[in-house]
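# Chain and residue survey
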Amino acid sequence: MTRRVVITGYGAISPLGHTAAETWAGLAAGRTGIGPIVNVPSEPLIVKIAGEVRDFDPAAHLDPKRLPLLDRFSQFALVAAKEAIEISGLRASAENSARIGVVVGSGAMGMNTIEDGYRRMFLEGMTRAHPLTVPRLMTSAPCSQIAIQYGFHGPSFSVSSACASANHAIAQALGTIRQGQADAMLAGGTEAPLSFGGYKIWEALRVMATDTCRPFSKDRRGMVLGEGAAMFVLESLEHAQRRGATIFAELAGAGMSSDAGDIVLPDPAGAARAMSLALSDAGVNPEEVDYVNAHGTGTPANDRMETDALHRVFGAHARALAVSSSKSMLGHSLGASGALELIAVVKAFETGILAPTANFTEPDPECDLDYLPNKAREHKIGVAISNSFAFGGLNAVLTLRRFN
Amino acid sequence: MSDIETNIIDIISKEGSIDREKIKPESTLKDLEIPSLDVVQIVFAIEDKFNISIPYNDPGFDVNSVAGLVTCVEKLVAQNKPAA
């Protein structure tokens, strides 16, 4: 029999606040965390808006002695992990530490460290790199830092699949617990891509909006970059019940697929396959799904494709779904996005409120579903899915079920 | 105490988070319980400060004690060897 896996803790740092509670308060209020860029000089940038984590003082959260080892993406991961672990009450001991692991998704690794290093060498003429460059920038740094901080000795690794990294990471953690390789996993995603060069490379792709992010709205102009992290404590049901943990939702399934098509253009067949697999993995019929937290980037191509894919998977039931895009408020934090969006899903189970799609102005005939425009809705949901469809055609969808 | 020695002790104190008074010329970095990651940062900071390049794995250069580091830096500064 497959082991059931439940969520017993969550934490976040995002453009809407430095905790999951603040992030959720913003999402539920339909408040956007997108605004003028303040953390880097924006004068030479074409796109001057982003979802930045503001007023973040790493020294207020983290041991100053460890800070030289922590790129911003590791700092975010540690802040979110701390909150998740505190909420869950999970503690490593000599008996259980080898049964707790960490999986962290990140698409862009330590961008700020790379950029600082290049600036030193190419602009300032320095001849040597900082000795901590490698341990700071490596994609797996946040995973290692969390494991070190909490003494988790179980299976731990990082996952990278661009904008689907967090969902793939959570799917891998689910599999690790189901297979009995661990009893509990800390899983999520982190990203800090908002360096000057980070903005420039995304500008160059010409997929960015300059006004704001308006997913599924007819006048949408593209995506807006974001940053942050969210982490979850996942446990086997028995493990959670044995220690009397509060269970927020069941992580009932995951579905993954690859378009194996275009490196940037999404394919509705690939997205639909991932959703169908996520439902069958959870043993859920399409008609049981109440809420879809969409990938919803706000690019003309994604939102049209995602709507098409939802029609393919849900048929007539698609019209009954509540669909919303948290990226309208968080921006697109790439490898962290699936984890931050899972906060909206877990809190929906907890509070009975669905966060809206903000900045929605006008329906698009090609996007003809119920996108919860601008206003949160009270709705006690039973089953939800959360979509992530990455550049390069890598898709990962999570299915969550109310735990009774 | 030479300027070089003063500077080196300052750097060890800062990068290793060690009270300055505890650092003596004869101290080895091991005596001072400086972790290896801090050692590479100390060497890096010294290189930056004096604009030199301290060779590694070279038995002619002792980077494991305060006195050894002072000798290294004096030798390299005297050669006025620009960073490689």
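Cut-offs used in this document
Residues numbered from 1 in each chain as written. Chains lettered and ligands numbered in written order. Predicted model: local features only at pLDDT ≥ 70, side-chain atom pairs only at ≥ 80, totals over all residues. Helix = DSSP H or I, 4+ residues; strand = E, 2+ residues; numbered from the N terminus. Rg over C-alpha atoms; globule rule 2.2 N^0.38 Å. Buried ≥ 20, exposed ≤ 12 C-beta atoms within 10 Å, placed from the backbone. Contact = placed C-beta atoms within 7 Å. Axes fitted to C-alpha atoms, helices over the stretch in contact; angles between N-to-C directions. Parallel < 35°, antiparallel > 145°, perpendicular 65-115°, else oblique. Left-handed = near helix turned anticlockwise from the far one by under 90°. Nonpolar A, V, L, I, M, F, W, Y, C, P; charged D, E, K, R; others polar. Pairing = 2+ DSSP bridges. pLDDT = per-residue confidence, 0-100.

Here we take up the overall build of chain B. Of the regular secondary structure elements, chain B holds three helices and zero strands. In chain B, the order of α-helices and β-strands from amino to carboxyl end is α-α-α. A compact globule built from 84 residues would reach a C-alpha radius of gyration of about 12 Å, and chain B, at 12 Å, matches this within 12%. Overall size of chain B, expressed as C-alpha extent along the three principal axes, is 30 × 25 × 20 Å. Within chain B, the fraction of its 84 residues that count as buried is 21%. Across chain B, the fraction of contacts at a sequence separation of at least 24, relative to all contacts at a separation of at least 6, is 55%.

Moving on to the overall build of chain A. Counting secondary structure elements, chain A contains 13 helices and 14 strands. A compact globule built from 404 residues would reach a C-alpha radius of gyration of about 22 Å, and chain A, at 20 Å, matches this within 12%. Taking all 404 residues of chain A together, 58% fall into the buried category.

All names here are of chain A. Packing of helix 3 (residues 72-88) against helix 6 (residues 141-150) brings their axes to within 9 Å, and their N-to-C directions diverge by 40°. With respect to their mutual orientation, helix 3 and helix 6 come out oblique. Viewed along their axes, helix 3 and helix 6 form a crossing whose handedness is right-handed. Across from Phe-73, Ser-74, Ala-77, Leu-78, Ala-81 and Ile-85 in helix 3, the residues of helix 6 making contact are Ala-141, Pro-142, Gln-145, Ile-146, Gln-149 and Tyr-150.

The next subject is the interface of chain B and chain A. Every contact between the two is made by seven residues of chain B and, on the other side, six residues of chain A. Class assignment for the residues of the side of chain B that touches chain A results in four nonpolar, two polar and one charged.

What follows concerns the pairing of strand 14 (residues 394-401) of chain A. Residue and element names in this part refer to chain A. Counting buried positions along strand 14 gives eight out of eight residues, so the element sits mostly inside the fold. Neither face of strand 14 is open: one carries Leu-394, Ala-396, Leu-398 and Leu-400, the other Asn-395, Val-397, Thr-399 and Arg-401, and all of them are buried. Pairing between strand 13 (residues 383-390) and strand 14: eight bridges, direction antiparallel. Directly across from Ser-386, in strand 14, lies its bridge partner Leu-398. Taking the residues between adjacent antiparallel strands as the criterion, strand 13 and strand 14 are bridged by three residues, where Gly-392 takes a positive phi near 90°.

Turning to the environment of A:Phe56, a few remarks are in order. Residue and element names in this part refer to chain A. As for its placement among the helices and strands, Phe-56 is situated in the loop between strand 3 (49-50) and helix 2 (58-61). According to the C-beta neighbour criterion, Phe-56 is partly exposed, with 18 such atoms within 10 Å. Considering only alpha carbons, one finds Phe-56 and Pro-373, 317 residues apart in sequence, at a separation of 30 Å.

Okay, the confidence of the model for chain B next. Residue and element names in this part refer to chain B. Counting all residues, the mean pLDDT for chain B is 88, and 94% of those residues have values of 70 or more. Per-element confidence in chain B is highest for helix 1 (residues 3-16), whose mean pLDDT is 93, and lowest for helix 2 (residues 36-50), whose mean pLDDT is 90. Scoring of the predicted complex yields 0.94 for pTM and 0.75 for ipTM.

Let us look at the sheet that holds strand 8 (residues 249-258) of chain A. All names here are of chain A. Across the sheet, which stays open at both edges, the ten strands sit in the order 5-4-6-7-1-8-14-13-9-10 with mixed pairing between neighbours. On the outer flanks of this sheet lie strand 5 (156-159) and strand 10 (322-324), each paired with one strand and no other. Strand-to-strand twist in this sheet, taken as the mean axis angle between neighbours without regard to direction, amounts to 25°. When strand 9 (residues 291-293) meets strand 10, the two strands line up parallel, connected through three bridges. Note on strand 10: the bridge partner recorded for Val-292 is Val-323.

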